[in-house]
Every structure is written in C-alpha cells, then in structure tokens.
Amino acid sequence: VDMRRERLGERHYDTAEARGLLGTALAQSGRDDAALTEYRAAIPILLQVSRQNEDEGGLVDRDKRLQLILEGYIDLLSRLKTAPADLNPAAEAFRVADAARARGVQRALAASAARASVGDPDLANLVRQEQDAQKQIAAQFGLLSNLMSGPADQQDPVATRKLRENIDKLRDARAALRGEIERRFPEYVSLIDPRPSTVAQVQESPRPREALISTYVGTRKTYVWAVPKSGPAGFSSAELGDKQIAQMVASLRKALEPNANTLGDIPAFDLRLANQLYVRLLEPVRAGLQNADSYLIVPHKALGQMPFGLLLTKPAR
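Residues numbered from 1 in each chain as written. Predicted model: local features only at pLDDT ≥ 70, side-chain atom pairs only at ≥ 80, totals over all residues. Heavy atoms only, no water.

Draft legend 1. Main features of the overall build of the protein chain. For the protein chain, the helix and strand inventory stands at 12 helices and four strands. Carbon and sulfur atoms form 52% of the exposed surface of the protein chain, whose accessible area is close to 17,100 Å². Taking the average location of the 44 positive side-chain charges in the protein chain and that of its 40 negative ones, the two points are 3 Å from each other. (Helix = DSSP H or I, 4+ residues; strand = E, 2+ residues; numbered from the N terminus. Areas by Shrake-Rupley, 256 points an atom, 1.4 Å probe, with all protein chains shown as cover. Lys, Arg positive; Asp, Glu negative; His and termini not counted. Charge placed at Lys NZ, Arg CZ, Asp CG, Glu CD.)

What follows is the structure, given as structure tokens:
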C-alpha cells in the first residue's frame, strides 16, 4: 500500500486495490475494525468505472482480485456486531453486491453503448475527448513509473511532483467531461456505468405487500437480503459457495428436465433438498418476508436456474 501510494497517489485504482487486499487480509486475521477502515477507503474508488480503466492490462486478473475484495467486504459486513453510526451493514452489503453482480455484463454493455454513440455526433465527440484524457492519464502514469523505478539518489522530485500535478489536472478534466456527458446524455451514462441499487431505492418500487429477495453467491458463502416495502432489510449468509449451490440446483432440476419417455422415468423431486435450501437461504431473513404475499427475486449465478417457488418452507414427504 505504501509503495503504491508513494508511486501512484492515494486516488489511483491500484492503490485502492492494495488497500482492499490489505483489508481482506486484516479481516481474515480477525482485525475487523482495521479491515473496515481499509475497505471503506478502497471500495468507492474500486467501483468507479473511470478509475478501473486507467490501465487496461490484466483485466481478467484484476476482476478476480476485485471479486476477492468485494466478497471479503460483504463477508465482514455480514458478521459485524457493532458498526459506525454512518454505516448500515445490511444496506452497504446490498449496494456492494449489486455492483459486483453487474460487473459480468457491464464491460460488454459499455463497449456496445460506445459503438452506438457514434450516431450522435455531440456524444461521440465528448466520449472521444473523455477516452483521450484516459489515454493521457495512462501515459503520464507510465512516465511517473519510470521516474520512480530508478535509484532514490537519481530520482527528480521536481519532475515527479509536476507529473502528479498533471495527472490530477487530467483527472479533473476527465471528470468534467464525464459530468458533461452525464448531464446531456444520462441514458448513455446509466448504461455504461449503472449505479448500484440501494435498499432505500428498492423500497420505493414494490407494491405494499411485495418484498424483494436478493442473493449473491460468493466463492465460499452465499448472501441473502430480504427487503420489505418498509422496515429494515433482513441480511444473512450461508456457508454455501458457488460450487455447492450449483450442485444443489442441478439436483433439484433433475425432476424438471428429465428427458423422460414415460412418467415412471421422471426422477422423484428432492423434497428434503428443497426444504434444506429454504432453511439455509431464506429462513434466516424470514422477518423481512412475513408481511408480503409476493416476491421479486434477484438471483445470482446458479440460483438464476431455479424457480424459488420450488423451495419448501417445511419438511414434507
């Protein structure tokens, strides 16, 4: 963290990524308060698209590291006993999970939207200027890295300071262009850079007796939110990773996709598993669902292949 802060500055994506990884290590070591400090400093930068594109190299590895950080942050929020006055753990985890889910399609949408923008000359011009600023920032960082990589007694502090000042000016210029694009073409910005949903926004949408069930399937755990029309959101985690969830959903679907020639060839529906999934995923957040007659479902990964109506609230034979 210190090396990246010294070389790249506090606001650079790579510095924030290092802080996020430090937060993950601290959380794994049981130092939750220190981890929370690092996460809260890193996450806002990591979720800004404009920062993520400062260096286009190694996007696959970068996405893997970001997933590790975001899941670590969600996990920390899920087990916090006490939280700062300005932090609602369930609501913050909901927002971060929404951003994490969206990343799978966001880059493709951005590329598609950028191509579509060519039809509007004004928008195309602004997008081109914003992309040029991005390239200039990357070039300036390359120069800065070269300056900082030499022996300490051969580094030029004046040149280093000027480069950092130039980078900050370019960032400000790029932010101004981004603001102009957002003001004049809000639909374009909402497509390429969708804002994560918040619990408060979600509660404005459902009808009086509806509730939202949102899920995020991580590598080691699955997180579930139950958001009623009013009142606090339920939030819990289950010790079920993406591989386990995929196996359980596949088992449930055997009776739905039998490719059978006769009724006798259809496998029996696994009632025990259907109840087990309910108990582990939805029972802990039942308080957020009890006043609703219907549910809006936001599934993630393999849970998107399973109608939630298959889950049994009680054991059955």
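That covers the picture; the talk isn't over yet.
Draft legend 2. Quick peek at the sheet that holds strand β3 (residues 234-238). The strand order across the open sheet formed by four strands is β3-β2-β1-β4, and the pairing between neighbours is mixed. At either end of the open sheet lies a strand with only one pairing partner, and these are β3 and β4 (294-298). Each strand axis lies, on average, 20 degrees off the axis of its neighbour in the sheet, ignoring direction. Of the pairings in the sheet, the one linking strand β1 (residues 210-217) to β4 comprises five bridges and is parallel in character. Opposite Ile213, over in β4, you have Ile297 as the bridge partner. (Pairing = 2+ DSSP bridges. Axes fitted to C-alpha atoms, helices over the stretch in contact; angles between N-to-C directions.)

Draft legend 3. Broad picture of helix α8 (residues 157-184). For α8, built from 28 residues, the straight-helix expectation of 40 Å at 1.5 Å per residue is met to within 8% by its first-to-last C-alpha distance of 41 Å. Regarding α8, the residues found buried are Thr160, Leu163, Ile167, Leu170, Arg171, Arg174, Leu177, Arg178 and Ile181. The N-capping residue of α8, defined by a side-chain oxygen 3.0 Å from the backbone nitrogen of Val158, is Asp156. (Expected span 1.5 Å × (residues − 1). Buried < 20%, exposed > 50% of the residue type's maximum accessible area, 1.4 Å probe, protein only. Polar contact = N/O pair within 3.5 Å; in protein donor to acceptor, adjacent residues only side chain to side chain.)

Draft legend 4. Summary view of the packing of helix α2 (residues 13-28) against helix α3 (residues 32-46). Two elements in contact, α2 and α3, have axes separated by 8 Å at closest approach and are oriented at 150 degrees. With respect to α3, the axis of α2 lies roughly antiparallel. Here α2 runs over α3; the crossing is left-handed. When α2 is examined against α3, the residues Tyr13, Ala16, Glu17, Arg19, Gly20, Leu22, Gly23, Thr24, Leu26 and Ala27 are found in contact with a partner set consisting of Asp32, Ala34, Ala35, Thr37, Glu38, Tyr39, Ala41, Ala42, Ile45 and Leu46. The residue makeup of the contact of α2 with α3, split by class, is 12 nonpolar, four polar and four charged. (Parallel < 35°, antiparallel > 145°, perpendicular 65-115°, else oblique. Left-handed = near helix turned anticlockwise from the far one by under 90°. Contact = heavy atoms within 4.5 Å. Nonpolar A, V, L, I, M, F, W, Y, C, P; charged D, E, K, R; others polar.)

Draft legend 5. Spotlight on the nonpolar core. Within the largest apolar cluster, 36 residues are counted, with the highest numbers of intra-cluster contacts made by Tyr39, Ile43, Leu46, Tyr73, Ile74 and Trp225. Within the residue set of this core, elements represented by two or more residues are α2, α3, α5 (59-79), α6 (89-116), α10 (199-203), β1 and β2 (222-228). Those residues within four positions of Tyr73 in sequence are excluded, and the remaining contacts are Leu36, Tyr39, Arg40, Ile43, Leu87, Glu92 and Val96. Of all hydrophobic cores here, the second largest spans 26 residues; its members include Leu252, Leu277, Leu282 and Phe308. (Core = buried A, V, L, I, M, F, W, Y, C linked by side-chain atoms within 4.5 Å.)

Draft legend 6. Structural detail: the pattern of salt bridges. Counted according to the given criterion, the structure contains 27 salt bridges. The partner of Arg178 in a salt bridge is Glu130, with the nearest N and O atoms 3.9 Å apart. Here the residue Arg178 occupies a position in helix α8, and Glu130 occupies one in helix α7 (residues 121-149), the gap between them amounting to 48 residues. Of the two residues, Arg178 and Glu130, neither departs from the other in class, the shared state being buried. For the salt bridge of Lys301 with Asp242, the shortest nitrogen-to-oxygen distance reads 3.4 Å. (Salt bridge = Lys/Arg side-chain N within 4 Å of Asp/Glu carboxyl O.)

Draft legend 7. Inspection of helix α12 (residues 271-281) at higher detail. Along α12, the residues that are buried comprise Leu273, Ala274, Asn275, Leu277, Tyr278 and Leu281. Summarising the contacts, the buried residues of α12 are in contact with β2, β3 and α11 (242-253). The opening residue of α12 is Asp270, an N-cap whose side-chain oxygen sits 3.4 Å from the backbone nitrogen of Arg272.

Draft legend 8. View of the packing of aromatic side chains. Within the structure shown, the criterion is met by three aromatic pairs. For the ring pair Tyr39 and Tyr73, a centre distance of 5.1 Å and an interplane angle of 35 degrees mean the geometry is tilted. Of this pair, Tyr39 sits in helix α3 while Tyr73 sits in helix α5, and the two are 34 residues apart along the sequence. Look at Tyr73 and you get buried, because its relative accessible area is 1%. (Phe/Tyr/Trp six-rings, centres within 6.5 Å; stacked < 30°, edge-to-face > 60°.)

Draft legend 9. How the structure looks around the environment of Asp172. Note that Asp172 resides in helix α8. Sequence spacing of Asp172 and Leu8 is 164 residues, and the spatial spacing of their C-alpha atoms is 16 Å.

Draft legend 10. Seen up close, unusual backbone geometry. Look at Asn259: it is not a glycine, yet its phi comes out positive at around 50 degrees. By the element assignment, Asn259 lies in the loop between α11 and α12. Judged by its relative accessible area of 76%, Asn259 is exposed. Residues other than glycine seldom take positive phi values, yet Lys301 does so here, at roughly 50 degrees. Along the chain, the position of Lys301 falls in the segment after β4. By relative accessible area, Lys301 is classed as partly exposed at 39%.

Read these as layout, nothing more, since geometry by itself doesn't imply function.
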